[in-house]
Amino acid sequence: MLQATMVEPGRIQFDEVPRPEAGVDEVVIEVKACGICGSDVHVWKGEHPFTSYPIIQGHEFSGVVDSVGTNVDSINPGAKVTIEPSLVCGTCHPCRHGRYNICDNLKVMGFQADGCHRNFFAVPQQKVVPLPPEISFEPGAMVEPAAVGVHAVKRSGLKAGGRVLVLGAGPIGILTMQAAKGMGASEVMITDVVNFRLETARRVGADYTVNVAEEDLFDSIKGAFGRDGLDVVIECVGSEQALETAIQVARKGSRIVVVGVVGGRPRLSLGLLQDRELEMIGSLMYMREDFELAIDLIRTGRINPVQLITRRFEFEHLPEAYREADERKGQNLKVMVIF
Ligand SMILES: [Zn+2]
Ligand SMILES: [Zn+2]
């Protein structure tokens with residue numbers, strides 16, 4: 001089988017290697033589709049602080065179970081599946097208290113452990129998540145980023161009928177927007193500076209889109225939601241500017257969820273947190289129940305991930321897929337690799 005190793009930033013080496021055999025508690029998956037995500041591009045560019053080389057990337061994928069180990073009895077060859085690409089210790093405080101997404105020893109496949117950029121991939125059985133018949137391989141490969149959105153919406157404490165602002169209309173922003181609507185938001189507004197992304201967001205359910213390079217966000221919020229404004233702000237950009245915007249536009253006493261990965265030490269008007277009794281909280285990864293809800297939202301059409309796929313590349317052309325995701329960011333949402 002073919003295996004793609006990122007040996008250094010910007011250089012992928014293809015090797016012909018033997019197919020893996022399932023360990024007693026493992027499942028071997030034949031990989032079918034895998035999305036390229038923003039964090040992958042950071043690794044490609046040598047800008048990911050927590051990844052060392054060589055690394056086999058690939059963490060948002062779907063496939064078919066090829067074989068299972070002797071201790072595996074609930075998963076059968078032939079099943080269509082995705083996986084939770086996180087490896088956790090099970091013994092730290094968060095793990096022992098039902099929050100393994102923030103495990104002290106968290107390793108994510110494709111970053112701190114090897115991922116799925118290969119034809120066959122062995123994973124621990126407890127990581128395998130079955131896909132229903134209605135979900136094909138491409139949307140199946142997008143359950144993982146959709147679960148990021150589901151987890152963020154859960155963290156927001158959104159109540160039925162709530163009004164949500166999502167900052168950033170990349171794949172995570174749009175999936176979060178759709179998750180919010182699927183989880184009970186009455187109206188959702190989403191922002192970006194790229195019109196093509198906003199148009200896609202509108203096509204898949206955004207009630208309001210705002211190009212913040214051209215329009216005033218305060219006016220847009222007031223026009224859309226009146227004096228009561230927003231119930232929840234979810235930041236999916238990861239920039240100082242977007243975080244500051246979140247603080248400025250959040251309604252007094254409301255919650256801001258930070259999903260975007262922010263570098264450096266942003267300068268923010270944190271005094272307003274106190275003065276306006278704002279809550280600003282983080283959201284990382286997901287747990288099994290987030291995967292299951294994401295699958296249900298996709299199965300029932302409340303999340304439509306396929307519309308976000310802008311380009312497809314065969315696995316053999318993986319470096320081109322990275323280049324496309326990196327250099328033509330403004331024209332792409334999700335770049336998909338097909339095996
Ligand atoms: Zn990802
Ligand atoms: Zn742990």
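Residues numbered from 1 in each chain as written. Chains lettered and ligands numbered in written order. Predicted model: local features only at pLDDT ≥ 70, side-chain atom pairs only at ≥ 80, totals over all residues. Heavy atoms only, no water.

Undergrad: Account for the pattern of salt bridges, with residues named and values stated.
TA: As a working rule, side chains carrying opposite charge can pair if their charged atoms are close by. Following the criterion strictly, the structure yields 17 salt bridges and no others. Between E324 and R311 there is a salt bridge whose closest N-O contact spans 3.2 Å. Of this pair, E324 sits in helix α11 (residues 318-327) while R311 sits in strand β16 (residues 309-314), and the two are 13 residues apart along the sequence. With a relative accessible area of 30%, R311 lands in the partly exposed category. Through salt bridges that share partners, E134, D296, R299 and R302 make up one connected network. (Salt bridge = Lys/Arg side-chain N within 4 Å of Asp/Glu carboxyl O. Helix = DSSP H or I, 4+ residues; strand = E, 2+ residues; numbered from the N terminus. Buried < 20%, exposed > 50% of the residue type's maximum accessible area, 1.4 Å probe, protein only.)

Undergrad: Help me get a handle on the coordination of the zinc ion (ligand 2), residues and values and all.
TA: Those protein atoms acting as donors to the zinc ion (ligand 2) are C89 (SG), C92 (SG), C95 (SG) and C103 (SG), and they sit at 2.3 to 2.4 Å. Coordination geometry of the zinc ion (ligand 2): the four donor atoms subtend angles of 104 to 122° at the metal centre, consistent with an arrangement described as tetrahedral. (Donors = N, O, S within 2.8 Å, 3.2 Å for Na, K, Ca; no water. Tetrahedral: all angles 85-135°; square planar, octahedral: opposite > 155°, others 65-115°.)

Undergrad: I'd love a proper account of the environment of R265, names of residues and values included.
TA: Following the sequence through the fold, R265 ends up in the loop between β14 (255-258) and α9 (271-275). Separated by 25 residues in sequence, R265 and E240 place their C-alpha atoms 8.4 Å apart.

Undergrad: Please provide a residue-by-residue account of the domain arrangement of the chain, values included.
TA: The domain architecture assigned to the chain consists of domain 1 (2-142 + 305-338) and domain 2 (146-282). In this structure, domain 1 and domain 2 have C-alpha centres spaced 28 Å apart. Between domain 1 and domain 2, the residue contacts involve 13 residues of the former and 14 residues of the latter. Between domain 1 and domain 2, a total of about 1,000 Å² is buried, with carbon and sulfur atoms accounting for 62% of that surface. Considering only the surface of domain 1 that becomes buried against domain 2, Q307, L308 and L333 emerge as the three largest contributors, covering 50% of it. Counting the contacts that link domain 1 with domain 2 gives zero salt bridges. Between the two partners, domain 1 and domain 2, sit five residue pairs in polar contact (both at pLDDT 80 or more). Counted by class, the side of domain 1 that touches domain 2 contains four nonpolar, six polar and three charged residues. (Domains from an automatic or database assignment. Contact = heavy atoms within 4.5 Å. Buried area = accessible area lost by both parts, 1.4 Å probe. Polar contact = N/O pair within 3.5 Å; in protein donor to acceptor, adjacent residues only side chain to side chain. Nonpolar A, V, L, I, M, F, W, Y, C, P; charged D, E, K, R; others polar.)

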